[in-house]
Amino acid sequence: MKMTKILGLLIALGSLNMTLGTAQEEGKAPIILLDPGHGGTDKGANAVLDRSEKDIVLGLAQEILVLNHKVLDHPMELYMTRYSDTLISLYDRGRLSKGLEADLFVSIHGNYAPNPNAQGLEVFVWRPSAKAGNKFKATSQQLAETLALELQQKLGIRNRGVKQANFQVLRDNRDQCPAVLVELGFLSNGEEAAYLKSKRGVRAMALAILMGINKFLEFDRNL
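One numbering rule holds for all chains: residues counted from 1, following each sequence as written. Residue-level local features of this predicted model are given only where pLDDT is at least 70; pairs of side-chain atoms are given and counted only at 80 or more, and the full residue set underlies all totals for whole chains, interfaces and linings. The basis for the side-chain values is all heavy atoms of the structure; hydrogens and waters are excluded.

1. Looking at the pattern of salt bridges
Here is step 1 of the chain: By definition here, a salt bridge exists when the distance from a side-chain nitrogen of Lys or Arg to a carboxyl oxygen of Asp or Glu is within 4 Å. Under the counting rule described, the total for this entry stands at eight salt bridges.
Here is step 2 of the chain: Between glutamate 122 and arginine 160 there is a salt bridge, with its nearest N and O atoms 3.0 Å apart. With a gap of 38 residues between them, glutamate 122 in strand E4 (residues 121-126) and arginine 160 in strand E5 (residues 159-165) connect regions that are remote in the sequence.
Here is step 3 of the chain: One salt bridge in this structure joins glutamate 150 and lysine 154, with 3.0 Å as the shortest N-O distance. Of this pair, glutamate 150 and lysine 154 both sit in helix H6 (residues 137-155), four residues apart, which is roughly one turn of that helix.
Here is step 4 of the chain: Glutamate 150 gets classed as buried once you look at its relative accessible area, which sits at 2%. Per the convention used, a helix needs a DSSP run of H or I reaching at least four residues, while a strand needs a run of E reaching at least two, with both numbered from the N terminus. The buried label applies to any residue whose accessible area, calculated with a 1.4 Å probe on protein chains only, is under 20% of its type's maximum; exposed applies above 50%, and partly exposed to all values in between.

2. Comments concerning empty space enclosed by the protein
Here is step 1 of the chain: The way it works is a 1 Å grid over only the protein atoms, where trapped points that fit a 1.4 Å probe form a cavity and open points with protein on both sides within 12 Å along at least five of seven lines form a pocket, and then any residue with an atom within 4 Å of a point lines it. Grid points are joined across faces, edges and corners, and a volume is the space filled by probe spheres set on the points. Across all of its chains, the model carries two cavities of 30 Å³ or more by this definition.
Here is step 2 of the chain: Volume-wise, the largest cavity comes out at about 40 Å³.
Here is step 3 of the chain: As for the largest cavity, its lining consists of Trp126, Asn134, Ser140, Leu170, Asn173, Arg174, Cys177 and Ala179.
Here is step 4 of the chain: Surrounding the second largest cavity, Val125, Trp126, Asn134, Lys137, Gln141 and Gln164 form its lining.

3. Some words on the sheet that holds E5
Here is step 1 of the chain: Spatially, the six strands line up as an open sheet ordered E2-E1-E3-E6-E4-E5, and their pairing is mixed. The open sheet terminates on both sides in strands that have one partner only, identified here as strand E2 (77-80) and E5. Here the average twist between neighbouring strands, direction ignored, is 25 degrees. In short, DSSP must find at least two bridges between two strands for them to pair. Fitted lines through C-alpha atoms give the axes, limited to the stretch in contact for helices. The angle between two N-to-C directions lies from 0 to 180 degrees.

4. Remarks on the packing of aromatic side chains
Both the distance between ring centres and the angle between the ring planes are used here to describe each pair of aromatic rings.
Here is step 1 of the chain: Note on aromatic contacts: the rings of Phe and Tyr and the six-membered ring of Trp form a pair at centre separations within 6.5 Å, being stacked when their planes are under 30 degrees apart, edge-to-face when over 60 apart, and tilted otherwise. A full pass over the atoms with the stated rule returns one aromatic pair.
Here is step 2 of the chain: Between the aromatic rings of phenylalanine 124 and phenylalanine 167, the centroid separation amounts to 5.2 Å while the plane-to-plane angle is 70 degrees, which identifies the pairing as edge-to-face. Taken together, the residues phenylalanine 124 in strand E4 and phenylalanine 167 in the loop between E5 and helix H7 (168-171) connect sequence positions 43 residues apart.
Here is step 3 of the chain: Accessibility expressed as a relative area gives 32% for phenylalanine 167, which makes it partly exposed.

5. Quick word on helix H8 (residues 190-197)
Here is step 1 of the chain: Turning to H8, its buried residues are Glu192, Ala193, Tyr195 and Leu196. Burial along H8 is one-sided: seen end-on, the buried residues are contained in an arc of 165 degrees.
Here is step 2 of the chain: Pairs of N or O atoms are called polar contacts if they sit within 3.5 Å, as long as, within protein, a hydrogen donor faces a hydrogen acceptor (for residues adjacent in sequence, only side-chain-to-side-chain pairs). Measuring from the side-chain oxygen of the N-cap residue of H8 to the backbone nitrogen of glutamate 191 gives 3.1 Å; that N-cap residue is asparagine 189. Summarising the geometry, the arc corresponds to the directions from the helix axis toward the C-beta atoms.

6. Some points on the confidence of the model for the protein chain
Here is step 1 of the chain: Residue-level confidence of the predictor is what pLDDT reports, using numbers from 0 through 100. Mean pLDDT over the protein chain stands at 86; residues scoring 70 or higher make up 84%.
Here is step 2 of the chain: Every residue in residues 1-25 scores below 50 in pLDDT, and together they form 62 contacts with partners more than four places removed in sequence or on other chains. Working rule for contacts: check all heavy atoms of both residues, and any pair within 4.5 Å makes them a contact.

7. Description of the nonpolar core
Here is step 1 of the chain: In terms of nonpolar packing, the biggest core is built from 48 residues, with Leu34, Ile64, Val106, Val180, Leu184 and Ile213 touching the most fellow members.
Here is step 2 of the chain: Top element by residues in this core is helix H9 (residues 199-221). It accounts for eleven residues.
Here is step 3 of the chain: Not counting residues within four places of it along the chain, the set of residues in contact with isoleucine 64 comprises Leu34, Leu78, Ile108, Ala206, Ile209 and Leu210.
Here is step 4 of the chain: Formed by twelve residues, the second largest nonpolar core is a distinct cluster that contains Ala102, Ala165, Leu170 and Cys177. Residue types Ala, Val, Leu, Ile, Met, Phe, Trp, Tyr and Cys, when buried and joined through side-chain atoms within 4.5 Å, form a set referred to as a nonpolar core.

Structural data, given as structure tokens:
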């Protein structure tokens, strides 16, 4: 994976300072719940470079929180389902989203495949069943496409597309808010695992996710 577009991402930081004023002018910043996957005894996937998925995604989510206040003139109201190496049940992650009355739910994960050559990012939305509707189907799809495109364009990561799955954290948010699960790259791939473990990689991905959320909110407000 060639990360040749980091400079462009950093230059684009200036544009973030010009946005997200509308929500605060209306008296309420958007509430975003970041969900670092796994935690505690649930390590998730093991990277080829001896670091667990749970630690990688927690560090990335924490960086998004930091950049939210360092970069934006009008920061979003960001929360996390876990702030440390703690196992939070999938059920409780959904309950927290409802309790906070979240406007967006973004679950962050690292991917894994038996084939060490597998690369790229995937973004999942909930696959509705015949018996259950999804009032946020269209907006979840839009959020997923926006995040995938932002990561692809700013970082040069291969975009494997938006997919549907019956993940509980997505299903539990079907009546609450747009919700996506982002698989940032393959921890089974040496190049992507190294990038996800590097300070530069974590910062760049955190910025791209923050910018993607920002773009989605701007689009959604203009509908």
